[in-house]
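Architecture and fold: a report
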Amino acid sequence: MILLAVFTLSCGKFLDQAPTGEQTKEYIFEDYTRSQRYMDQLYDYLPRTWANSSSYFSVSNPGFLESATDMAEYTATYGAANKSFNVGNWLDNSAYNEISYPWENSYEALRIAYMFLENMDQFNNEPEGRKQTMKGEVEFMIAFYYFELLKRYGGVPLVKKVLDLESDMQIPRSTYDETVEYIVENLDNAIAVLPDEWSQNDFGRVHKATAMALKSRVLLYAASPLNNPENSKDKWKLAAEAARDCIDYCDKRKMHQLFPVYEDIFMRGYAEERPEVIMPVNWGNNVISFNSFIINYGHATPGEGFQGYGSNSPTQNFVDMFEVIVFDETGKAIGTEKFDWNNPEHVANIYKNRDPRFYYTVLYNDIYWIKRKIETWREGNTYGKDINPKDHLFTRTGYYLRKFWPMECYSYDRPGSCRMIPFYIRYGEVILNYAEAMNEAFGPDADNLGRSTKITARDAVNRIRARLVSPANENISGPNDPYYRVLVERENNPDFPVLEEGMPPVPEGLSPSEMTERIRNERNIELCFEGHYLYDLLRWKEGENHIGGKVYGVDIVKSGDRFVYSRKLVEERPFDKNRMYRYPIPKNQVYIMGIDQNPGW
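Residues numbered from 1 in each chain as written. Predicted model: local features only at pLDDT ≥ 70, side-chain atom pairs only at ≥ 80, totals over all residues. Heavy atoms only, no water.

The pairing of strand β15 (residues 549-559) with strand β16 (residues 562-573) spans eleven bridges and is antiparallel. Opposite Lys550, over in β16, you have Glu572 as the bridge partner. As consecutive antiparallel partners, β15 and β16 are separated by two residues, and within that stretch Gly560 has a phi angle of approximately 65°, a positive value. (Pairing = 2+ DSSP bridges. Helix = DSSP H or I, 4+ residues; strand = E, 2+ residues; numbered from the N terminus.)

Quick look at the structure:
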């Protein structure tokens, strides 16, 4: 009763005053400029990404979502993932930013969206056509915030207007499919009116491709095993159609294409210089330094010369996902194979001939990084500079995270700086959405969509792999060459593979289930640490195996000039399949709205 009273009083005050200081809604919506500023709050409400100083779990430490899965281990004892997901205590306060905050944040944003739609007719001094594109932006945001709710909690109450004191707050939860239908309706409306692109002054606003890309994501989730238990092929086909619409649209206009060098998708420029980015984060000037939260606290080893607090340590489970490249006697890449701990040659050459994304993502023993070699070995009672079992800040898995750590960000005493490119959606994800949906609908090598050109699931995956070109040094002309970063990489890592045609393609002849495994693995690697993996595991119903289950690291014993590698168990995590495929809804919202809590919570 107390909670309800507080909620009701706060709603009454909020209704009288638009949430921008003491300005009334009449004042705001009589003018186009003020109305646009009000609408633009919807961009401010967009959720955090890997680049934010506050994490998915807590503002006090940069815990990536992947540290709640078998992709990473949050090393420091104060890690929110350690105290919540990794021990099965999802209701711990440290997990508030991921478990409860999205509910509150999304409904606050939705209220702004409906406030705008209900009052947009009041201003008339907008540029020609702008009112329609503003409406499209708002409808996109309605879809975006409802999807933020949907992917965590399942079907939710569909509030479709601004509530007042006379409104019935007891709004029942819609089903998952009803929520999807409403999201798609808003996205279709947005696609119809949003522009193909914006002027430079408005760069970063959502446009047609943004809405098309999000639609592909929404329908892929809707077709996935968690939400499509009967495995309806029609749902998979709808997801494939949506992704293909976006691919065809971008290909026709030669926009949002794959960027040549994987590492530089995320750094060393502005979003407008990276055509792969479909929905960027409007994040100031995007400059970070070594002393920024993301690197000093999220990545950097505490070892000598760096003095960081890096705690999001990749696991051996993740490292084993990167394929081993097979070369012929001439040095040409002719195929790949899964890394196998029972293969002595693989273990003896554990970090050689791996997918190039491995080297761009993981820091491992004996690799030179910025100023010295990484040392995660032990020799009797002596330990390398980057491992210390008595200090909770050092890696427990034998690895540190490199992705999103530019070489320019040198060390704590020479912090350096670099432009970063955070985003919500990129073109590579759309291609992988398409590959997954096509395989589940038609198999690896069929395209039954009836388009003028054929793109199969295997074709789509191979587009991603073909992007990973890394020419031989003699074929890279200099700093203006698009593959100059490959040359810089080889200065520190002579084992970086030569792949003149990118990663070898996925072969023909795979069964649909074999192709499912290949596509999922490709997605895990390509989109790693970008906030997808946890939700992918939930929608695939793989929580028992990869959110719970055994997490491995590597034990490295130094013997003279040699290292002996073996896999070691770091921890075993719980996962309750009867409740953990949906997040718990905040209890106060269950009481206020009179809705059913998710099972088991």
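Per-residue confidence for the chain gives a mean pLDDT of 93, with 94% of residues at or over 70. Here residues 1-20 scores under 50 on pLDDT; set against residues more than four positions off or in separate chains, the count is 27 contacts. (pLDDT = per-residue confidence, 0-100. Contact = heavy atoms within 4.5 Å.)

As a further point, take the nonpolar core. By size, the foremost hydrophobic cluster in this structure holds 186 residues, and its most contacted members are Phe140, Tyr146 and Trp405. No other element matches the 13 residues that helix α8 (residues 130-153) contributes to this core. Setting aside chain neighbours within four positions, we find Tyr146 in contact with Tyr107, Leu110, Tyr114, Val156, Pro157, Leu158, Val159, Tyr182 and Ile183. (Core = buried A, V, L, I, M, F, W, Y, C linked by side-chain atoms within 4.5 Å. Buried < 20%, exposed > 50% of the residue type's maximum accessible area, 1.4 Å probe, protein only.)

Attention shifts here to the packing of helix α10 (residues 208-223) against helix α16 (residues 427-442). Interaxial distance between α10 and α16 falls to 10 Å at its minimum, and their mutual angle equals 35°. Crossing handedness for the pair α10 and α16: left-handed. On α16, the residues that touch Ala213, Ser216, Arg217 and Leu220 of α10 are Glu429, Val430, Asn433, Glu436 and Ala437. Grouping the constituent residues of the contact of α10 with α16 by class yields four nonpolar, two polar and three charged. (Axes fitted to C-alpha atoms, helices over the stretch in contact; angles between N-to-C directions. Left-handed = near helix turned anticlockwise from the far one by under 90°. Nonpolar A, V, L, I, M, F, W, Y, C, P; charged D, E, K, R; others polar.)

Right, let's talk about the packing of aromatic side chains for a bit. In this description, a pair of aromatic rings is defined by centroid distance and the angle of the planes. Going through the model one piece at a time under the given rule, you end up with 46 aromatic pairs. With a centroid separation of 6.0 Å and an interplanar angle of 40°, the aromatic rings of Phe140 and Phe144 are classed as tilted. Within this pair, Phe140 and its partner Phe144 are both found in helix α8, separated by four residues, close to a single helical turn. With respect to class, Phe140 is no different from Phe144; both count as buried. A ring pair is formed by Trp369 and Trp405, whose centres lie 5.4 Å apart and whose planes are at 80°; its orientation type is edge-to-face. Separated by 36 residues along the polypeptide, Trp369 in strand β8 (residues 368-369) and Trp405 in the loop between β12 (400-401) and β13 (417-419) bring together distant segments of the chain. (Phe/Tyr/Trp six-rings, centres within 6.5 Å; stacked < 30°, edge-to-face > 60°.)

Per the counting criterion, the structure on display carries zero disulfides. A disulfide-free cysteine, Cys418 has its sulfur positioned 5.7 Å from the sulfur of Cys409, the nearest such atom. Note on Cys528: no disulfide assigned, nearest cysteine sulfur contributed by Cys418 at a separation of 18 Å. Of the residues examined, Cys528 reaches a relative accessible area of 0% and is grouped as buried. (Disulfide = S-S within 2.5 Å.)

Attention now moves to the side chain of His299. Assignment of secondary structure puts His299 in the loop between α12 (293-297) and β4 (312-314). Residue His299 is classed as buried on the basis of its relative accessible area of 1%. With sequence-adjacent residues up to four places away left out, His299 is seen in contact with Phe64, Ile294, Gly310, Tyr400, Leu401, Arg402, Lys403, Phe404 and Trp405.

Next up on the list: the pattern of salt bridges. One pass over the structure, following the stated rule, counts 52 salt bridges. Linking Glu263 and Arg402 is a salt bridge whose minimum nitrogen-to-oxygen distance equals 2.8 Å. Placement of the pair is Glu263 in the loop between α11 (233-253) and β2 (277-280) and Arg402 in the loop between β12 and β13, with a sequence separation of 139 residues. Under the relative-accessibility criterion, Arg402 is labelled buried at 4%. (Salt bridge = Lys/Arg side-chain N within 4 Å of Asp/Glu carboxyl O.)

End to end, helix α9 (residues 176-193) covers 27 Å across 18 residues, agreeing with the expected 26 Å (1.5 Å per residue, within 8%). Among the residues of α9, Tyr176, Thr179, Val180, Tyr182, Ile183, Val184, Asn186, Leu187, Ala190 and Ile191 are the ones counted as buried. Summarising the contacts, the buried residues of α9 are in contact with α7 (101-119), α8 and α10. (Expected span 1.5 Å × (residues − 1).)

Next up on the list: the packing of α8 against α9. It is at 8 Å that the axes of α8 and α9 come closest, and there the two elements cross at 155°. Between α8 and α9, the interaxial angle falls into the category roughly antiparallel. Judged by the sense of rotation from one axis to the other, the crossing of α8 with α9 is left-handed. For the pair formed by α8 and α9, the contact residues are Gln132, Thr133, Gly136, Glu139, Phe140, Ile142, Ala143, Tyr146, Phe147 and Leu150 on the first element and Tyr176, Thr179, Val180, Tyr182, Ile183, Asn186, Leu187, Asn189, Ala190 and Val193 on the second. Classifying every residue of the contact of α8 with α9 gives 13 nonpolar, six polar and one charged. (Parallel < 35°, antiparallel > 145°, perpendicular 65-115°, else oblique.)

Moving on to the environment of Tyr368. Along the chain, the position of Tyr368 falls in strand β8. When the C-alpha positions of Tyr368 and Asn492 are compared, they lie 5.6 Å apart, and in sequence the two are 124 residues distant. Here Lys371 takes part through its backbone oxygen, which lies 3.2 Å from a polar atom of the side chain of Tyr368. (Polar contact = N/O pair within 3.5 Å; in protein donor to acceptor, adjacent residues only side chain to side chain.)

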